[in-house]
Amino acid sequence: MEPVFRTLEIIAGSAVRAVGTRITYQGLENIPPRGGAVVAINHTSYIDFLPAALGTKRRNRRIRFMIKAEMQNVWIVNYLIGRTGAIPVDRQAGAQAYAEAVRALRAGELVGVYPEATISRAFELKDFKNGAARMALEARVPIVPCIVWGAHRVWTKDHPKRLGRNKIPFTVHYGDPLSPTGSVTELDSALKERMRSILRDVQLAYPRPKGAWWVPQSLGGSAPTLDDARGLDEAERARRAGERR
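What you are looking at is a predicted structure, and each value in this text was computed from that prediction instead of being measured.

K.L.:
Provide a residue-level description of the overall build of the chain, including the pertinent values.
P.N.:
Of the regular secondary structure elements, the chain holds seven helices and seven strands. In the chain, the succession of α and β elements from N to C terminus is α-β-β-α-β-α-β-α-β-α-β-β-α-α. Expressed as a percentage of its 245 residues, the buried residues of the chain come to 49%. Accessible surface for the chain amounts to roughly 12,500 Å². Of this, 52% is attributable to carbon and sulfur atoms.

K.L.:
Outline the pairing of strand E2 (residues 37-41), listing residues and values.
P.N.:
Across the five residues of E2, five count as buried, placing the element largely inside the fold. Residues of E2 alternate between two faces, with Ala 37, Val 39 and Ile 41 on one and Val 38 and Ala 40 on the opposite face, all of them buried. Here E2 pairs with strand E6 (residues 143-149) via four bridges, running parallel. From the neighbouring strand, Val 39 faces E6, where its bridge partner is Val 144.

K.L.:
How would you sum up the pairing of strand E1 (residues 23-26)? Please name residues and give values.
P.N.:
Residues Ile 23 and Tyr 25 of E1 are buried on one face, while the alternating residues Thr 24 and Gln 26, pointing to the opposite face, are not. The sheet contact formed by E1 and strand E7 (residues 170-174) spans four bridges and is parallel. Across the sheet, residue Gln 26 finds its bridge partner in E7, namely His 173.

K.L.:
Mind laying out the pattern of salt bridges, listing which residues take part and the relevant values?
P.N.:
With the rule as written, the count across this model stands at 14 salt bridges. The partner of Arg 103 in a salt bridge is Glu 100, with the nearest N and O atoms 2.8 Å apart. Taken together, the residues Arg 103 and Glu 100, both in helix H4 (residues 95-106) and three residues apart, mark about one turn of the helix. A salt bridge links Asp 227 to Arg 230; its shortest N-O distance comes to 2.7 Å. With Asp 227 and Arg 230 both in helix H7 (residues 226-244) and three residues apart, the pair spans about one turn of that helix.

K.L.:
Give a description of the packing of helix H5 (residues 131-139) against helix H6 (residues 184-205) that names residues and reports values.
P.N.:
Two elements in contact, H5 and H6, have axes whose closest approach is 8 Å; the angle formed by their N-to-C orientations is 120°. Between H5 and H6, the angle is such that the two are oblique. Helix-helix and strand crossings are classified by hand; for H5 and H6 the assignment is right-handed. Together, Ala 132, Ala 133, Arg 134, Ala 136 and Leu 137 of H5 and Val 184, Leu 187, Asp 188 and Leu 191 of H6 make up the contact between the two elements. Its residues assigned to classes, the contact of H5 with H6 comprises seven nonpolar, no polar and two charged.

K.L.:
Provide a residue-level description of the packing of aromatic side chains, including the pertinent values.
P.N.:
For the structure on display, the rule yields four aromatic pairs. Both rings, one in Phe 49 and one in Phe 65, keep their centres 6.0 Å apart while their planes meet at 80°; by these two values the pair is edge-to-face. Remark: Phe 65 occurs in strand E3 (residues 63-68) and Phe 49 occurs in helix H2 (residues 49-57); sequence separation between them is 16 residues. Since its relative accessible area comes to 35%, Phe 49 is described here as partly exposed. Residue class for Phe 65 comes out buried when judged on its relative accessible area of 15%. Over the ring of Trp 214 we find Arg 153, and its NZ or CZ is 4.1 Å from the ring centre.

K.L.:
Would you mind going over H4 in detail, with residue names and values included?
P.N.:
Spanning twelve residues, H4 covers 17 Å between terminal C-alpha atoms, matching the ideal 16 Å at 1.5 Å per step. Residues of H4 that are buried: Ala 97, Tyr 98, Ala 101, Val 102, Ala 104 and Leu 105. All buried residues of H4 fall inside an arc of 160° around its axis, so they share one side. Structural note: H4 exposes Ala 95, Gln 96 and Arg 106 on the side pointing more than 90 degrees away from its buried face. Note on H4: the residue one or two positions beyond its end, Gly 108, has a positive phi of about 95°.

K.L.:
Describe the nonpolar core, with residues and values.
P.N.:
Counting 63 residues, the largest nonpolar core has Val 38, Ile 41, Met 66, Met 135, Cys 146, Tyr 174 and Leu 191 as its most contacted members. Among all residues touching Cys 146, those that are not within four sequence positions of it are Val 39, Ala 40, Ile 41, Asn 42, Ala 52, Val 172, His 173, Tyr 174 and Met 195.

Conventions we followed
- Residues numbered from 1 in each chain as written.
- Predicted model: local features only at pLDDT ≥ 70, side-chain atom pairs only at ≥ 80, totals over all residues.
- Heavy atoms only, no water.
- Helix = DSSP H or I, 4+ residues; strand = E, 2+ residues; numbered from the N terminus.
- Buried < 20%, exposed > 50% of the residue type's maximum accessible area, 1.4 Å probe, protein only.
- Areas by Shrake-Rupley, 256 points an atom, 1.4 Å probe, with all protein chains shown as cover.
- Pairing = 2+ DSSP bridges.
- Salt bridge = Lys/Arg side-chain N within 4 Å of Asp/Glu carboxyl O.
- Axes fitted to C-alpha atoms, helices over the stretch in contact; angles between N-to-C directions.
- Parallel < 35°, antiparallel > 145°, perpendicular 65-115°, else oblique.
- Left-handed = near helix turned anticlockwise from the far one by under 90°.
- Contact = heavy atoms within 4.5 Å.
- Nonpolar A, V, L, I, M, F, W, Y, C, P; charged D, E, K, R; others polar.
- Phe/Tyr/Trp six-rings, centres within 6.5 Å; stacked < 30°, edge-to-face > 60°.
- Lys NZ or Arg CZ within 6 Å of the ring centre and 35° of its normal.
- Expected span 1.5 Å × (residues − 1).
- Arc of directions from axis to C-beta.
- Core = buried A, V, L, I, M, F, W, Y, C linked by side-chain atoms within 4.5 Å.

As structure tokens, then:
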């Protein structure tokens with residue numbers, strides 16, 4: 001795990017410099033220097049795991065990401081999953097992945113989770129799955145909310161990739177940890193409220209040209225509303241189901 005992880009960190013850091021991306025990190029002190037923690041990340045991009053992981057690296061911590069099991073069908077991704085400690089999740093039967101995540105947390109590791117499960121086309125927080133709260137309560141570890149903003153301008157759903165030297169700035173904010181207390185519902189609600197608050201603060205501090213596709217409608221952009229995005233998600237699920245049949 002160590003050599004592959006270290007190689008990926010070097011490659012990722014070099015790639016960020018090569019494309020001219022400036023990543024602003026906020027709240028690094030909220031990443032525990034040791035011990036287990038759930039890192040709950042908002043999901044707007046195919047690459048928002050990258051800045052989140054580069055941030056925890058600054059605290060000499062590494063994240064074991066939970067990743068959808070379908071990615072194992074891509075041989076290079078499957079190779080990396082086995083050598084970076086990533087946890088594949090079968091969305092139809094996730095008990096095994098959940099148990100592995102709890103074991104990793106109890107062993108003192110950081111586990112990266114996307115509470116929204118899938119990318120938000122609205123670039124606002126979608127409804128949460130409660131896995132992050134359940135894991136934190138069972139493993140008795142805190143949840144560190146993490147907001148990544150800007151990565152969706154590089155690679156997200158429904159828009160062309162911009163992987164060249166684009167100099168698009170990213171912001172990564174790690175919020176105050178939430179203690180593993182209360183019920184699953186209470187902790188999940190507290191997590192979403194905290195992430196919503198941090199996300200809005202980050203969005204307000206970031207350039208937001210009027211009408212830009214990557215700016216939420218609530219801030220003057222032309223991204224879909226949450227309701228419209230929900231309809232697009234449902235259409236995508238129906239299309240994929242038809243392809244499987």
